[in-house]
Amino acid sequence: MVAMDGPSGTGKSTVSRKLATKLGAGYLDTGAMYRMVTLAVLRAGVDLADAVAIADVARKTELGIGTSPDEAAVTLAGEDVAAEIRGADVTTAVSPVSAVPAVRELLVARQREIIDEVLGRVGGIVVEGRDIGTVVSPDAPLKIFLTASAEVRAARRSAQDSAAGRESTHAVAKAAVERRDRLDSTRAASPLRAAEDAVEVDTSQLDIDQVIVALAELALHRGLLEGCPAEAAR
Ligand code: DC
């Protein structure tokens, strides 16, 4: 298992998916799970300051999350919400929702179940998030903490938004990146931080393929590729 943590805009999702494909492993996007709960909370019209009501919505939400690195199935009670969870409303509201301890407890338990199931069935999984190496899987054999300067991360987020047809400017993207970093790293429940035994990789000056090469090398050294279906393709 590979735990992939770090703030947004570091290339975490692309890197995690590509690495999972290269290793022949499964993939879990835990951020999508927090986003799905946030969408359910917004749809329920719940006050974002009401932690009890938020936890209640989270408990009743039927989350469906795929674990294939090729197609990320994301459903809410069977409805495909893959595009909607990336929208501005969810992105703004996700920090307060993911700061609610009962939401984290619920999702962490669900994430551990999914990880166990995929490890048993596929043999490996790359899990991306903020607290994977520190809380969800503190025993993960390889923990990566991806970083990049706020400037670079804002440029990437803005390009992503434009490509997806969402309105975006660099200044707005930078403010949003910095705001979310601040909220995610200062919250009381499982703040964003690198695990002590995580390998920190700064992606500011690297393209995705260079990051993948470096990480696959690390996985090889940790013995994570033994018996792995994709080993022959290295
Ligand atoms: O990776 P992302 O941008 O889709 O994550 C959305 C939000 O969810 C992010 O602001 C922080 C939160 N999150 C979290 O608290 N813990 C995780 N393991 C993953 C995401």
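What you see is a predicted model, and the numbers here were worked out from it, not measured in a lab. (Residues numbered from 1 in each chain as written. Predicted model: local features only at pLDDT ≥ 70, side-chain atom pairs only at ≥ 80, totals over all residues. Heavy atoms only, no water.)

> Can you help me understand the nonpolar core in this one?
When a protein is soluble and globular, its nonpolar side chains tend to lie buried together. In this structure, M1, L28, M33, M36, V37, I65 and V103 are the most contacted members of the largest nonpolar core, which totals 36 residues. Secondary structure elements with two or more residues in this core: α2 (30–43), α3 (51–60), β3 (63–65), β4 (74–76), α4 (88–98), α5 (101–121), β6 (125–129) and α6 (132–136). The dominant element in this core, judged by the number of residues it contributes, is α2, at eight residues. In this structure V37 touches A58, L63, V97, V103 and L107, once residues within four positions along its chain are discounted. Core analysis: the next-biggest nonpolar cluster, separate from the first, contains 18 residues, M4, V15, A20 and I144 among them. (Core = buried A, V, L, I, M, F, W, Y, C linked by side-chain atoms within 4.5 Å. Buried < 20%, exposed > 50% of the residue type's maximum accessible area, 1.4 Å probe, protein only. Helix = DSSP H or I, 4+ residues; strand = E, 2+ residues; numbered from the N terminus. Contact = heavy atoms within 4.5 Å.)

> Explain the environment of R222 to me, please; I cannot follow it from the model alone.
Positionally, R222 belongs in the segment after α9 (208–221). Distance in space between the C-alpha atoms of R222 and L106 is 31 Å, their sequence separation being 116 residues. When neighbours within four sequence positions are excluded, R222 is seen to be in contact with P141, L142 and V199.

> It is not clear to me how the packing of α2 against α5 should be interpreted in this structure. Could you clarify?
Contact geometry for α2 and α5: axes closest at 11 Å, N-to-C directions at 140 degrees. Comparing their axes, α5 and α2 come out oblique. Judged by the twist between their axes, the crossing of α2 over α5 is right-handed. Contact residues: α2 offers T30, M33, Y34 and V37, while α5 offers V103, R104, L107, V108, R110, Q111 and I114. (Axes fitted to C-alpha atoms, helices over the stretch in contact; angles between N-to-C directions. Parallel < 35°, antiparallel > 145°, perpendicular 65-115°, else oblique. Left-handed = near helix turned anticlockwise from the far one by under 90°.)

> How should I be thinking about the sheet that holds strand β2 (residues 26–29) in this particular structure?
Strands belonging to one sheet form pairs held by backbone hydrogen bonds; the direction of such a pair is parallel or antiparallel. Ordered by their spatial adjacency, five strands build an open sheet running β2-β6-β1-β7-β8, and the pairing between neighbours is parallel. Strands with a single pairing partner mark the edges of an open sheet, and in this sheet they are β2 and β8 (199–202). The average angle at which neighbouring strand axes cross in this sheet is 20 degrees, direction not considered. Looking at chain direction, β2 and β6 are connected through four bridges and run parallel. For G26, the partnering residue across the bridge sits in β6 and is I125. Helix-sheet contacts for α2 involve β2 and β6, and the interaxial angle to β2 is about 40 degrees. (Pairing = 2+ DSSP bridges.)

> Would you mind showing me how to read the side chain of D5 here?
Topologically, D5 is positioned in strand β1 (residues 2–5). Despite being buried, D5 has no salt bridge partner; K12 is the closest side chain of opposite charge, sitting 6.5 Å away. Only 3.1 Å separates the side chain of D5 from the backbone nitrogen of R130, close enough to count as a polar contact. Within the local environment of D5, its side chain forms a polar contact with the backbone nitrogen of I132, the two atoms lying 2.9 Å apart. Dropping the residues within four chain positions of it, D5 is found in contact with K12, G129, R130, D131, I132, G133, I144, F145 and L146. (Lys, Arg positive; Asp, Glu negative; His and termini not counted. Salt bridge = Lys/Arg side-chain N within 4 Å of Asp/Glu carboxyl O. Polar contact = N/O pair within 3.5 Å; in protein donor to acceptor, adjacent residues only side chain to side chain.)

> Where do I start with the UniProt feature "binding site: ATP" (unreviewed entry) in the protein chain in this structure?
The UniProt entry lists G6, P7, S8, G9, T10, G11, K12, S13 and T14 under the feature "binding site: ATP" (unreviewed entry), expressed in the numbering used here. By relative accessible area, G11 is classed as buried at 15%. If we skip the residues at most four places from it in the chain, G11 touches L146, R156 and I208. Tracing the backbone through its elements, the reader meets S13 in helix α1 (residues 12–23). If near-sequence neighbours (up to four positions away) are discounted, S13 is found in contact with Y27 and E128. (UniProt positions renumbered as here; feature names shortened; annotations may be inferred.)

> Would you take a moment to explain the UniProt feature "domain: Cytidylate kinase" (unreviewed entry) in the protein chain for this structure?
As annotated in UniProt, the feature "domain: Cytidylate kinase" (unreviewed entry) corresponds to residues 2–218 in the numbering used here. Measuring from the first to the last C-alpha atom of residues 2–218 gives 10 Å, for a span that is 53% helix and 14% strand.

> I tried to follow the site of the ligand on my own but got confused; where do I start?
Surveying the vicinity of the ligand reveals 16 residues, the closest of which are R35, R104, D131, R180 and R187. Within the side chain of D131, an N or O atom sits 2.8 Å from a nitrogen atom of the ligand. Measuring from an oxygen atom of the ligand, one finds a side-chain N or O atom of D184 at 3.0 Å. Burial of the ligand by the surrounding chains reaches 97%, relative to a free accessible area of 450 Å². Going through the elements one at a time, α2, α4 and α8 (170–186) are the ones with two or more residues in the shell around the ligand. In terms of residue count, α2 provides more of the shell around the ligand than any other element does, four residues in total. Here the residues of the shell around the ligand are counted per class, giving two nonpolar, five polar and nine charged. (Near = heavy atom within 4 Å. Areas by Shrake-Rupley, 256 points an atom, 1.4 Å probe, with all protein chains shown as cover. Nonpolar A, V, L, I, M, F, W, Y, C, P; charged D, E, K, R; others polar.)

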